[in-house]
Amino acid sequence: MSPMSENVPPLRTQEIEKSAPSAAYSPLYQQIKALLLQGLDRGEWKPGEAIPSELELAARFQVSQGTVRKAIDELAADNLLIRRQGKGTFVATHHEARVRFRFLRLAPDDGKPVASQSRIIDVRRMKAPTDVAVLLDLRTSDMVVNLRRVLSFEEVPTIYDDIWLPGSVFKGLTLDAVEQNKGPMYAWFESKFGVSMVRADEKIGAVSATEEAASVLQVAAGSPLLYVERVSYTYGDRPMELRRGLYLTERFHYRNTLS
């Protein structure tokens, strides 16, 4: 295998030639990263499964092992892959705690872990409201699933979620189906509907509790709440969930890590 520059046009392998035209001038490891993402997107390697070794991938893409390693390092930093010493590299899954809690940013002020309980209030199927359609890249004639739930900590209602999902993807999502699920919601989306949430964009603000929110969260109307609007994406940067949450923060804070 001959050494390759990391900033040359793509190699003339069948897979690299099929990658996006803009990849022609990107670093070689970024092109390999894009190809690995394509494999994840089309389900070549399922959540929780091991991907081929660096040597196998290097042979497949006709690049150096170091180039493959750099691509995998970035995917691991993005929490899409997980390295396990002596075992290999695996596709991240929301069934694992380290991935499961990546999207839950509310933490107790005292730092002590608390038990959570989820209660589904309603599940409905309807045509997408305009604002939902825009954020989920849908048409207003497309169907969506609207799910409302309350997340409690130590049996104290703390988060009121209003969740919107593309109806064409989440077929069969009913109130009965959701209530039968006893695990984390994103893990269920992954195993039941084949949707892995891999990243999210959020907007955060302060609001006053409406009568409805006050009743659900068992606080007085007008109480201060944290409002979090999140759009979650699967592979290929496709929006798969709009979640609007109202958070009670008397004993909790919203944490984030900046780097």
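The coordinates are above.
Computed from a predicted model, the values in this text were never measured in an experiment.

Participant: Quick question: what am I supposed to make of the environment of Gly222 here?
Facilitator: Mapped onto the elements of the fold, Gly222 is located in the loop between helix H9 (211-217) and strand E8 (224-234). The partly exposed category is assigned to Gly222, whose relative accessible area is 43%. Residues Gly222 and Ser208, spaced 14 residues apart in sequence, show a C-alpha to C-alpha distance of 4.6 Å. Those residues in contact with Gly222 that sit more than four places away from it in its chain are Ser208 and Ala209.

Participant: What's the story with the packing of aromatic side chains in this structure? I'm lost.
Facilitator: In this description, a pair of aromatic rings is defined by centroid distance and the angle of the planes. All chains considered together, the criterion is met by eight aromatic pairs. Plain terms: the ring middles of Phe170 and Phe189 are 4.9 Å apart, the flat faces sit at 65° to each other, and that makes the pair edge-to-face. Of this pair, Phe170 sits in the loop between strand E6 (156-166) and helix H7 (175-180) while Phe189 sits in helix H8 (residues 185-193), and the two are 19 residues apart along the sequence. Accessibility assignment for this pair places Phe170 and Phe189 in one class, buried. Here Phe189 and Phe193 contribute two aromatic rings whose centre-to-centre distance is 6.5 Å and whose plane-to-plane angle is 70°, an arrangement assigned as edge-to-face. Residue Phe189 and its partner Phe193 are located together in helix H8, separated by four residues, close to a single helical turn. Here Phe189 matches Phe193 in class, with each residue buried. Put simply, the rings of Phe170, Tyr186, Trp188, Phe189 and Phe193 touch in pairs and so form one group of aromatic residues. The aromatic ring of Phe90 is capped on one face by Arg84, whose charged end is 4.4 Å from the ring centroid.

Participant: Quick question: what am I supposed to make of a negative patch on the surface here?
Facilitator: Negative charge collects at one region of the surface, where Asp109, Asp110, Glu154 and Glu155 lie side by side. In this fold, Glu154 is placed in the loop between strand E5 (143-153) and E6.

Participant: What is the right way to look at the pairing of strand E1 (residues 81-84) in this model?
Facilitator: Side chains on a regular strand alternate between the two faces of the sheet. In terms of strand pairing, E1 meets strand E2 (residues 88-91) through four bridges, oriented antiparallel. Counted as the bridge partner of Ile82 is Phe90 from E2.

Participant: What should I look at first to understand the nonpolar core in this one?
Facilitator: For soluble globular proteins, nonpolar side chains are generally found buried alongside one another. Residues Ile32, Leu36 and Leu57 are the most contacted members of the largest nonpolar core, which totals 20 residues. Looking at this core, the elements that each hand over two or more residues are helix H2 (28-41), helix H3 (54-61) and helix H4 (65-77). It is H2 that contributes the most residues to this core, five residues altogether. Other than its neighbours up to four places away in sequence, Leu57 contacts Leu36, Trp45, Ile51, Pro52, Val68 and Ile72. Counting residues in each nonpolar core, the second largest holds 18 residues, with Val145, Ile163, Trp188 and Val195 among its members.

Definitions and cut-offs
- Residues numbered from 1 in each chain as written.
- Predicted model: local features only at pLDDT ≥ 70, side-chain atom pairs only at ≥ 80, totals over all residues.
- Heavy atoms only, no water.
- Helix = DSSP H or I, 4+ residues; strand = E, 2+ residues; numbered from the N terminus.
- Buried < 20%, exposed > 50% of the residue type's maximum accessible area, 1.4 Å probe, protein only.
- Contact = heavy atoms within 4.5 Å.
- Phe/Tyr/Trp six-rings, centres within 6.5 Å; stacked < 30°, edge-to-face > 60°.
- Lys NZ or Arg CZ within 6 Å of the ring centre and 35° of its normal.
- Patch = residues over 30% accessible without salt bridge, like charges linked within 9 Å, V, L, I, M, F, W, Y side chains within 5 Å.
- Areas by Shrake-Rupley, 256 points an atom, 1.4 Å probe, with all protein chains shown as cover.
- Salt bridge = Lys/Arg side-chain N within 4 Å of Asp/Glu carboxyl O.
- Lys, Arg positive; Asp, Glu negative; His and termini not counted.
- Charge placed at Lys NZ, Arg CZ, Asp CG, Glu CD.
- Pairing = 2+ DSSP bridges.
- Core = buried A, V, L, I, M, F, W, Y, C linked by side-chain atoms within 4.5 Å.

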